[in-house]
Each structure stands twice: as structure tokens, then as C-alpha cells.
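Okay, here's what each chain looks like letter by letter:
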Amino acid sequence: NNLFVGMPVSDNAGGTIIPANTVITAIDSAAKTVTLSNNSITTAPAGTKFFFTQGMPRISQPVKTGVTDPLTNQITGLADTNNLFVGMPVSDDTNGTIIPAGTTITAIDPVAKSITLSNAPLLAKPLGTNLLFTPVVSGVNRISVDTTNLFVGMPVTGLGIPANTTITGTPASNPLLAAGTVTLSNNPTITVPAGILYFGQYSSMTVSGTGIAPNSTVGAIANSNSVNLSTAATVTSPLEGTKLTFTGHFAAEDIKVNINKSSQVALNYSVSKLLLGGAPPAATQASGPPPSTLPVNILGTIGELITAIQNKDDAGVVAAASNLKTATDQINLAQTEYASRTLRLDSAQTMLTNNQNTLKNIISNKQTLDTAKTIIQLQQQTTAYQAALQGTAKILPMSLMDYLK
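These figures come from a predicted structure and were not determined experimentally.

> Account for the overall build of the protein, with residues named and values stated.
Summing up its helical and strand segments, the protein has five helices and 22 strands in all. When burial is assessed residue by residue, the protein has 29% of its 405 residues classed as buried. For the protein, restricting intrachain contacts to residue pairs at least 6 apart in sequence, the fraction spanning at least 24 positions comes to 59%. Carbon and sulfur atoms provide 57% of the accessible area of the protein, an area that totals close to 24,500 Å².

> Can you explain the pairing of strand E2 (residues 24-28)? Please cite residues and give values.
Examined bridge by bridge, E2 and strand E3 (residues 33-36) share four bridges and lie antiparallel to one another. Directly across from Asp28, in E3, lies its bridge partner Thr33. With antiparallel pairing between neighbouring strands as the criterion, E2 and E3 make up a hairpin whose turn holds four residues, including Lys32 at a positive phi of roughly 55 degrees.

> Break down the environment of Gln349 for me, citing the residues and quoting the values.
By secondary structure assignment, the location of Gln349 is in helix H3 (residues 314-367). Taking the C-alpha atoms as reference points, Gln349 and Ile259, 90 residues apart in sequence, are found 8.3 Å from one another.

> Break down the packing of aromatic side chains for me, citing the residues and quoting the values.
Counted according to the given criterion, the structure contains zero aromatic pairs. One residue, Arg341, lies across the ring of Tyr338, its end atom 5.4 Å from the ring centre.

> For a nonpolar patch on the surface, give the residues involved together with the corresponding values.
Judged by side-chain polarity, Leu299, Ile302 and Ile306 come together as a nonpolar surface patch covering roughly 250 Å² of accessible area. Relative to the helices and strands, Leu299 resides in helix H2 (residues 298-310). Classification of Leu299 as partly exposed rests on a relative accessible area of 46%.

> So what about H2? Which residues, and what values?
Here H2 spans 18 Å end to end across 13 residues, near enough to the 18 Å set by a 1.5 Å rise per residue. Among the residues of H2, Ile298, Thr301, Leu305 and Ala308 are the ones counted as buried. One face of H2 carries all of its buried residues, which in axial projection span an arc of 75 degrees. Immediately beyond the C-terminal end of H2, within one or two residues, lies Lys312, with a positive phi of roughly 55 degrees.

> Break down the environment of Asp93 for me, with residues and values.
Mapped onto the elements, Asp93 comes out in the loop between strand E8 (90-92) and strand E9 (105-109). A residue is classified by how much of its surface remains accessible, and Asp93, at 41% relative accessible area, is partly exposed. Spatially, the C-alpha atoms of Asp93 and Leu132 are 7.1 Å apart, while their sequence positions differ by 39 residues. Setting aside chain neighbours within four positions, we find Asp93 in contact with Asn130 and Leu132.

> Account for the nonpolar core, with residues named and values stated.
By size, the foremost hydrophobic cluster in this structure holds 15 residues, and its most contacted members are Ile75, Ile99, Ile105, Ile115 and Phe133. Broken down by secondary-structure element, the contributors of at least two residues to this core are strand E10 (114-117) and strand E11 (125-133). Once residues within four sequence positions are removed from consideration, Ile105 is found in contact with Leu84, Phe85, Val86, Gly87, Met88, Val90, Ile115, Thr116 and Phe133. With 14 residues, the next largest nonpolar core counts Ile143, Leu150, Val156 and Val182 among its residues.

> How would you sum up the side chain of Thr134? Please name residues and give values.
With respect to the helices, strands and loops of the structure, Thr134 is situated in the loop between E11 and strand E12 (142-144). Beyond its immediate sequence surroundings of up to four residues, Thr134 is in contact with Gln61, Phe85, Met88, Pro89, Thr191, Val192 and Pro193.

> Could you give an account of unusual backbone geometry, with specific residues and numbers?
Despite not being glycine, Lys32 shows a phi value in the positive range, around 55 degrees. The backbone of Asn73 shows a phi angle near 60 degrees, a positive value even though the residue is not glycine. With respect to the helices, strands and loops of the structure, Asn73 is situated in the loop between strand E6 (63-69) and strand E7 (74-76). For Asn73, a relative accessible area of 23% gives the class partly exposed.

> Any details on the environment of Gln74? Residues and values, ideally.
Mapped onto the elements, Gln74 comes out in strand E7. Exposure remark for Gln74: the relative accessible area of 29% places this residue in the partly exposed category. Residues Gln74 and Thr116, 42 residues apart in the sequence, show an inter-C-alpha distance of 4.4 Å. Among all residues touching Gln74, those that are not within four sequence positions of it are Val67, Thr68, Asp69, Ile115 and Thr116.

Conventions adopted
Residues numbered from 1 in each chain as written. Predicted model: local features only at pLDDT ≥ 70, side-chain atom pairs only at ≥ 80, totals over all residues. Heavy atoms only, no water. Helix = DSSP H or I, 4+ residues; strand = E, 2+ residues; numbered from the N terminus. Buried < 20%, exposed > 50% of the residue type's maximum accessible area, 1.4 Å probe, protein only. Contact = heavy atoms within 4.5 Å. Areas by Shrake-Rupley, 256 points an atom, 1.4 Å probe, with all protein chains shown as cover. Pairing = 2+ DSSP bridges. Phe/Tyr/Trp six-rings, centres within 6.5 Å; stacked < 30°, edge-to-face > 60°. Lys NZ or Arg CZ within 6 Å of the ring centre and 35° of its normal. Patch = residues over 30% accessible without salt bridge, like charges linked within 9 Å, V, L, I, M, F, W, Y side chains within 5 Å. Salt bridge = Lys/Arg side-chain N within 4 Å of Asp/Glu carboxyl O. Expected span 1.5 Å × (residues − 1). Arc of directions from axis to C-beta. Core = buried A, V, L, I, M, F, W, Y, C linked by side-chain atoms within 4.5 Å.

Rendered as C-alpha cells:
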């Protein structure tokens, strides 16, 4: 129960039994066994604990059914082409009897719901053939993943993902991208059939504990079981029993929209700025500025108020209450800022609507015709032209002799 293909596996023996970067590749619920991507290093003694790490969002191997045709290098009859991209390896669930090894997608037709392969299928199979697609490919800056809540600029870490990698495109920002895919600023270094990726910036999270240098922060999440720190550890700690404290918050970048060529408006507001007074959090009354001074660490002040009440510290209660009163100004400022952003967005929308109407009028004046009116005008011009021709025909043959008569 609670296991899935692609789930990372480790042991409590320091990796002496299960190799690093091992994941589940198959699950047999009836036999209550799992198959791993790597062979165990040694036989596990009785009492060995195995750790199965969950994470979100996890990448999984897309599986689709289609019709193979060795004469056209194409697979047709797909339900959709979501989660697919050019360069993605393709295989089948019959041990390579249909799709040759090393085959990749060379073209995608989302309208016809078909794909073109680098190698012709070995056999023609009717609808129902299971096709397997690899979501993370070495050297290809596109991955297949659930794109919910992902946005351009969001950092990405995980197995095979280079340091400082960010999302450069999503289906929301680039309509040409297939649903369920995003582009990255760096190419993955290895091909991953399934596993876990982490999206978001954790650089504001500080780490403390035995052997941890002062002011160390999380630089990146290396994989499901380890993180990289900004500063090297000062001593080697035991494998188990060492307590580390992680403090901080998830600090995603501002989500901004363009309202013109040179101006953007943020759609979100930092929770740390609102409730903690910033990142890092503002100092509280015990160590910081006097009461009634912005910014206010609201959550920290509430904690101090609780402590002061429990200790019957009248001065502490007064100071905390004063800071909480100032906190209302902090919240009001946030509301004012949001109102200002809303006004800018409304103004931009009005301007864009006006520009759109102006362009529509220009197009209408240039291209749209009143057919009935135009036909009448053409007939009138034709009648006038014919009358002119008739008059000219009568005048041209006349000469002076006609008048002498």
C-alpha cells in the first residue's frame, strides 16, 4: 500500500544495501513485492528498514494506446497528445516487439492525434497497444509533469536536474506547448523514467544543528533524501540520531503579468511580508525595535503576547498589544497595495478594450461592405457610363454639313 512506480527507495544502513537514486520500477500487489531500478548491493540482514519517499509533484511515465503502422512511421488513434514532446523516447509493454529500442518522437500532430517516430514500428498493431513515454530525457529541455500551480521562473530541483534550473515555459505562458509539459532553462543530465521533482525556491530556509556551519541555508534539494547546503558542514555527524532544524518558508517568485511593453503587475503577495514583516522575519519586541514600529512580525508578536500573559508580564502585554495595533497598519498597507494593483489592472484592461475596439472599427471600415448599397451605387455608375457612351456615339458622327442642311 501507498507505493507507486517511480518512488525513491533507500535504507537505514547509509546506502550500503540500496544504491543511491534507486526507484521502484514495478509493483506486484499479489506477491507483495517490488522491483527496483538497481540491484541491491548486498543481502539485507533481518531488521533492515527501507524508506519509501513521497514528494509532490512526482513525474510518471505517460502511457497511451494507439495504432502502429510500420509503413508510415506513425502511431495514430491516440486519445490526445498531452504530455508528449519531440525527442521523447517511446517503448511498448511487450519488451520491444513492436517499438524498436532507441525510438523517439520526431513530430507531433495534435489535431490528427498522431505522432511520427524516428524508427518504423516492427509490427502493425490495432488500437489497444500500450505505448510508454519517458518524461525526463537527457539533453532535452522539456519534461512531462503535472503543470498545476507551476509558472515561468519557478526553480526546479531533483534527480538529473542541473543546479539553478528554472521553468522557462508552461502551457499557460506558451500555447504551443502541449498540456502536461514545461520547458526548462537547462537540459537534464540523465534520462529518468519516473521519480520526483521539486518546484520552488528554498534558499530562504536556514539549517542549524550539530556540525552545521552558522547561517547555513538550503541551496537546493539534491534528491528525495538529501539537500545541498550553502556552507560545508564543520564535522561529520552520525548517520542516525542527529537532529537538524530547518526554519523558513517557501519563497516563490512573484507571479507577474505584462500590462504593456515595459510594465508588469504582481498578482500575488508574500505571506512572509504580511505576517512576518519580511524575509528574514522582522525582529520582535524582545530583540527588535520599540513598539509601534513597522514592519511588524505579527506571528512572532502573537507568540510574545501569549508568553507575556502566561508570565503575567504587564509590560510585555502592553508592548505586544501596541505592536499588534501597528500590525493593522501593515495589513491596511497590503490592502492598499492590492487595491492599487487592481486599479492598474482595470485601467490596463480598459485601455486594451478601447484599443481593440479602435482596431475593429478600422478593420470594419476597410473590409466590411454594405452589399445592397454597393450594388445600387454600381448600377447607378453603370447607367451613367452607358448614357455617356450613347451621347458620345450620337455626337461623333455629326459634321458641319449636318448643320448646313
